[in-house]
Structures are given as C-alpha cells and as structure tokens.
Amino acid sequence: SAPAGSFRDRSRIDGVERMLSYVRIPGAPLVLVVGTAMAPARAELFRELRTDVLAALIIGAVLLLSALVLARRQIAGEAILRAREAHVRRMTDNLPGAIFSQVLHADGRIEYPYMSSGSESILGYSPAALAADPALLSGTVHSGDQEAFQATLRRSAESMEPWSIEMRAVGRDGAVKWIHMLSHPRQGLGGEIIWDGFLLDITERKRAEAALEAIRL
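Residues numbered from 1 in each chain as written. Predicted model: local features only at pLDDT ≥ 70, side-chain atom pairs only at ≥ 80, totals over all residues. Heavy atoms only, no water.

## Some remarks on the confidence of the model for the chain
- The share of residues in the chain with pLDDT of 70 or more is 55%, and the mean pLDDT across the chain is 75.
- Considering each helix and strand of the chain separately, the mean pLDDT is smallest for strand β3 (residues 31–37), with a value of 48, and largest for helix α5 (residues 146–159), with 95.
- The model gives residues 30–34 a pLDDT under 50, and that stretch makes 24 contacts with residues more than four places away or in other chains.
- This stretch, residues 40–46, has a pLDDT under 50; its non-local contacts, to residues over four places away or in other chains, come to 6 contacts. (pLDDT = per-residue confidence, 0-100. Helix = DSSP H or I, 4+ residues; strand = E, 2+ residues; numbered from the N terminus. Contact = heavy atoms within 4.5 Å.)

What follows is the structure, encoded as structure tokens:
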C-alpha cells in the first residue's frame, strides 16, 4: 500500500464520518493516523488543512524513525563494546599470571574492579571472589612479608612510582608460592589511586636460585 494518503470512513461506534490521513514509517511496523470529523461546516476547512496534516504526519514519522535509528545504533554500539571487552578478557586470561586493577580509595578501602582468571591458578581465588572480598588478596600474603607488602604499597601511593615486590603468598589450598607483583599507579578522577599491573608465579625461579646458592655454598 501507499506510504501516505487519506480516505473517508464512517465509525461503527458513533456513526460519524471522518476523513483519515495516514503515513507509514519505513523500516518499522508503525502507521501514524489522524482523523477529522466531516461535518458540513468543517469539510471545507479540512480540505484546506489536509496538506498540513499530512506534512505533520510525515515530520512526526521522520522524527520517530530517527529515534529508532539512534536506538538501533546505540544497541549496536553496546554490542560492539561487549564483544571487545570479551575479546580483551580472553586475551588476558591466556596470559601467564594474572592481570589486575587495584583501587585505593581516600578512606583506605581497596578493591579490585578487574582481575583476570589467572588469580585462581595462582592464589586459588576467582576474580569474582576477589571482587566481592578484596581482603582475600592481602590475606594471602605470607606473615613474614606483610610488613614489606604494606610498606611498598604506601611508598608507591605517596611517590606515584611503580609498585614492585617479590613476596610469598599462601594460596587457598595452603601451598606457599613466590609471587612477583608489579603495577603502575595513576590518579583517578575522584582522588583515588589506581594500580594496573600483574601477578606472576615465580616459585620455580626462586627454587632454582636457592638450589644454585646451595651448590655455591
């Protein structure tokens, strides 16, 4: 059928004859319709206004169609972002160790808005578990290395220099591993400090170094 037009019709409800004007919206299952009663005193007036009514319908249809197009573009943009985020996560999950983002708030709270799946193989805790309870990560630090862990964190926060420490960590299964943590700080918009870095299991390297030292002795 035509994308726009007009026709007469008598209502089965009130018996009033009306002149109806319509316009179809391209790309959408929508039709805008405006009706005006065809009383004798108004018939001539309607004929004069019919063009204006059709113009208003077309303008309304264009505006509605534009809104639909923008909505579709937004949905498509969000889908692209989700696909890119999934791609980046797959890449980081395949890297050795764990990639993380740590946030230190002004009130002293620490959180991990991002952690790759490597945290589970190194520490025994999933990214979701560390996000829900950030204290789990600091809790894995060996008691003999807690002081160095906190001191190097404070020094990095004050100087905004890279945070680097080799320490022992006690995993969820009780196994002790040597971990190298390296991250770079940056200032957040709300005054928080954000470290982006990685955790690397260096247990085998430490064992090799200890064995070499034992041979030398």
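After that view, the rundown keeps rolling.
## Some thoughts on unusual backbone geometry
- Of note, the phi angle at M160 is positive, near 60 degrees, even though the residue is not glycine.
- When you line up the elements, M160 lands in the loop between α5 and β6 (163–170).
- Owing to a relative accessible area of 32%, M160 belongs among the partly exposed residues under this scheme. (Buried < 20%, exposed > 50% of the residue type's maximum accessible area, 1.4 Å probe, protein only.)

## With respect to the side chain of S119
- Within the secondary structure layout, S119 lies in helix α2 (residues 118–123).
- Since its relative accessible area comes to 0%, S119 is described here as buried.
- Other than its neighbours up to four places away in sequence, S119 contacts A98, G124, Y125, S126, P127 and L130.

## A short note on the pattern of salt bridges
- For the structure on display, the rule yields 8 salt bridges.
- Between E166 and K206 there is a salt bridge, with the nearest N and O atoms lying 3.1 Å from each other. Here the residue E166 occupies a position in strand β6, and K206 occupies one in helix α6 (residues 203–216), the gap between them amounting to 40 residues.
- Look at E166 and you get partly exposed, because its relative accessible area is 32%.
- A salt bridge links E204 to R207; the nearest nitrogen and oxygen atoms lie 3.1 Å apart. A residue pair is termed a helical-turn pair when its members lie 3 or 4 positions apart in one helix, as E204 and R207 do in helix α6 at 3 residues. Like R207, E204 is exposed.
- One salt-bridge network, in which partners are shared between bridges, spans E166, R205, K206 and E209. (Salt bridge = Lys/Arg side-chain N within 4 Å of Asp/Glu carboxyl O.)

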